[in-house]
2 protein chains.
Amino acid sequence: MKALLIIAHGSRKQSSNDEVALLTKAVTSQPSNFDLIEHAFLELTTPKVSDGIDTLIENGATEVIILPYFLAAGLHVVDDLPMLLDSAKKQYPKVTFNLLKHLGAAEQMSNWIIQQTDI
Amino acid sequence: MKALLIIAHGSRKQSSNDEVALLTKAVTSQPSNFDLIEHAFLELTTPKVSDGIDTLIENGATEVIILPYFLAAGLHVVDDLPMLLDSAKKQYPKVTFNLLKHLGAAEQMSNWIIQQTDI
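Here the structure is a predicted model, which means the values were calculated and not measured. By convention here, each chain's residues receive numbers from 1 onward along its written sequence. Chains carry letters from A onward and ligands carry numbers from 1 onward, assigned in written order. Confidence filtering applies because this is a predicted model: local features only for residues at pLDDT of at least 70, side-chain atom pairs given and counted only at 80 or more, and all residues used for totals across whole chains, interfaces and linings. Note: side-chain values were computed over all heavy atoms of the structure, leaving out hydrogens and water.

**Student:** Whenever I open this one, the sheet that holds strand S4 (residues 96-99) of chain A confuses me. Can you help?
**Tutor:** The strands making up a sheet associate through hydrogen bonds between their backbones, and the pairing can be parallel or antiparallel. All names here are of chain A. At least two DSSP bridges between two strands are required for those strands to pair. Runs of H or I in DSSP of at least four residues are treated as helices and runs of E of at least two as strands, each being numbered from the N terminus. Pairing within the open sheet is parallel, and its four strands lie in the order S2-S1-S3-S4. The open sheet has two edge strands with one neighbour each: strand S2 (36-41) and S4. Adjacent strand axes in the sheet meet at a mean angle of 20 degrees when their direction is disregarded. Note on contacts: a residue pair is in contact if any heavy atoms of the two residues lie within 4.5 Å. Axis definition: a line fit to C-alpha positions, over the contact stretch in the case of helices; interaxial angles, taken between N-to-C directions, run 0 to 180 degrees. Along the sheet, helix H1 (residues 14-28) contacts strand S1 (2-8) and S2; its crossing angle with S2, the most-contacted strand, is approximately 165 degrees.

Right under this line is the structure:
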């Protein structure tokens, strides 16, 4: 079973975390190759990344694709996420993990920006 | 003359700020309705938002569309940007300013996420 974990930074502002939860719901309603989709936060709120991974695997995920929902490759993206991934790989050696580039590095980003400004 | 100002948070990590500059260059190379495109940062680095606005207007912009390059509506998006915009409107009363929703609020975001995970 193929799963997607969307990882956001997390905020002290609850409405900001709610946006991520709603977005995840919207992603779930899109046609995709994923059997399971969850979100998690790097800090300041829950579910934590390890919670998100546990939930997916408890629900049968054998392959977990991780999308860092970040625009910039700051220390979180460059250092923290690979470290969390290493620890997940050790905990679940039979599961395949695949850490994607952060969203801001998407080749289509400049196109998406133009789409968003086409008002 | 219609101008686009892409506003990012700004980072202590220079490579992260460079990403925004490169992205702006990529946006400039896309077909669009903009005569001028610049980027600016809310904090930690330059060009500041007021610098970006000044540059666009010095180069002839009469309409400035502002895109907050943020995924979440935190305090920066909700409080700081409207405040900066008010001050720009006072400084340049003949220029039209239009503050767009932050990128994370784009209706297409769930679709973009699926595109990005389609590996």
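**Student:** So what exactly am I meant to see when it comes to the environment of Leu84(A) here?
**Tutor:** Residues and elements named next belong to chain A. The topology assignment puts Leu-84 in helix H3 (residues 75-91). Distance from Leu-84 to Glu-38, taken between C-alpha atoms, is 16 Å for residues 46 residues apart in sequence. Sequence-distant contacts of Leu-84, defined by excluding residues within four places in its chain, comprise Leu-42 and Val-49.

**Student:** Looking at this structure, I do not really get helix H2 (residues 49-58) of chain B. What am I missing?
**Tutor:** Since the α-helix turns once every 3.6 residues, residues separated by three or four places project in the same direction. Residue and element names in this part refer to chain B. Residue exposure (1.4 Å probe, protein chains only): buried if accessible area is under 20% of the type maximum, exposed if over 50%, otherwise partly exposed. Along H2, the residues classified as buried are Val-49, Gly-52, Ile-53, Leu-56 and Ile-57. Projection of H2 onto a plane perpendicular to its axis shows the buried side chains occupying an angular sector of 125 degrees, all on one side. Looking at the packing, one finds that the buried side of H2 touches strand S1 (2-8), strand S2 (36-41), strand S3 (63-68), helix H3 (75-91) and strand S4 (96-99). Just downstream of H2, Gly-60 is the residue with a positive phi angle, here 105 degrees. Arc, as used here, means the arc of the directions from the helix axis to the C-beta atoms.

Keep in mind that these numbers describe shape and distance, not what the molecule does.
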